[in-house]
Every structure is written in structure tokens, then in C-alpha cells.
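Overview (structure and organization)
Each chain, written out:
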Amino acid sequence: QVQLVESGGGLVQAGGSLRLSCAASARTFSSYAMAWFRQAPGKEREFVAAISRRPLVGYSTNYADSVKGRFTISRDDAKNMMYLQMSSLKPEDTAVYYCATGNRPATINDEYDFWGQGTQVTVSS
């Protein structure tokens, strides 16, 4: 069982930045791939970004086209933390953001086993 707690959401103006954090309870945090998903009102949950488990050389990352170049996913295995640095935010980025753990940095919900409760991000125009 892995417990995940997101934080860092809030209200920001378009063009602004936010950094989301995800704290994980797993002792073997480094063995999990991690991801961020988001869900806007009336829409399905969608993939945002993912990062591989602790590698021998370099982490691999994966981003949705809609956030490439604006968002950066990272992790600190020593602290059991994952982050999402969001820049150049747009009103369409408004959603509840969730972190999740899985075996590989996939883009679909079903690949992930444990989920946090989410943190709200609201971008005003």
C-alpha cells in the first residue's frame, strides 16, 4: 500500500507558475514510476507527465503535448517526493491534479495502482 499526498495547488493568474509536490509513504519509493494526471470539471482524467523509477543512468520522462515545454516533472528519491513545476500557466490548465504510482511511466490511468486525493489548481485569465 502506498499513500500519496499532493500539495502546492492554488489560484494563479495566467502566465504564472506553481510547483506541485507529491509526498509518498512507500519505503521503496525509488522502485515506482510516478505520474501526474489532472481532471477538469466535466472532463475525464487526463495524463500530464510521468517519470521513470530510479534508473542506472538518468530518469526518463514523458509529457502530454499540451504541457510540453511548460511543465517539468522531477523526483527526489531520498525524500520520497515528486514535483511538477508548472510555468506559463493557462486557464485551460485549471483542474484537480493527482499524483500516482505505477510500474512504468505510462500515459493511461489503468497503469497506475495508487492515487492521491488531488490538489486544486485554478488559473484565472
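Definitions and limits used
Residues numbered from 1 in each chain as written. Predicted model: local features only at pLDDT ≥ 70, side-chain atom pairs only at ≥ 80, totals over all residues. Heavy atoms only, no water. Buried < 20%, exposed > 50% of the residue type's maximum accessible area, 1.4 Å probe, protein only. Helix = DSSP H or I, 4+ residues; strand = E, 2+ residues; numbered from the N terminus. Pairing = 2+ DSSP bridges. Axes fitted to C-alpha atoms, helices over the stretch in contact; angles between N-to-C directions. Disulfide = S-S within 2.5 Å.

1. With respect to the pairing of strand β7 (residues 71–76)
Residues of β7 alternate between two faces, with Phe71, Ile73 and Arg75 buried on one and Thr72, Ser74 and Asp76 left unburied on the opposite face. Counted along the chain from β7 to the antiparallel partner strand β8 (residues 81–86), the turn is four residues long, and its residue Asn80 has a positive phi close to 55°.

2. Regarding the sheet that holds strand β1 (residues 4–7)
Hydrogen bonds along the backbone pair up the strands of a sheet, which may run parallel or antiparallel. Spatially, β1-β3-β8-β7 is the arrangement adopted by the four strands of the open sheet, whose pairing is antiparallel. The open sheet is flanked by β1 and β7, the only strands paired with a single partner. Across the sheet, the mean angle from the axis of one strand to that of its neighbour is 15°, orientation sign disregarded. With six bridges connecting them, β7 and β8 associate as antiparallel partners. Paired with Asp76 across the two strands is Met81, which belongs to β8.

3. A look at the state of the cysteines
Note on terminology: a disulfide is the covalent bond linking the sulfur atoms of two cysteines. All chains considered together, the criterion is met by one disulfide. Disulfide pairing is shown between Cys22 and Cys99; the S-S distance is 2.1 Å. Taking the torsion about the sulfur-sulfur bond, which here is approximately 60°, the covalent link between Cys22 and Cys99 counts as right-handed. Here the residue Cys22 occupies a position in strand β3 (residues 18–24), and Cys99 occupies one in strand β9 (residues 95–102), the gap between them amounting to 77 residues. Both residues of the pair, Cys22 and Cys99, belong to the buried class.

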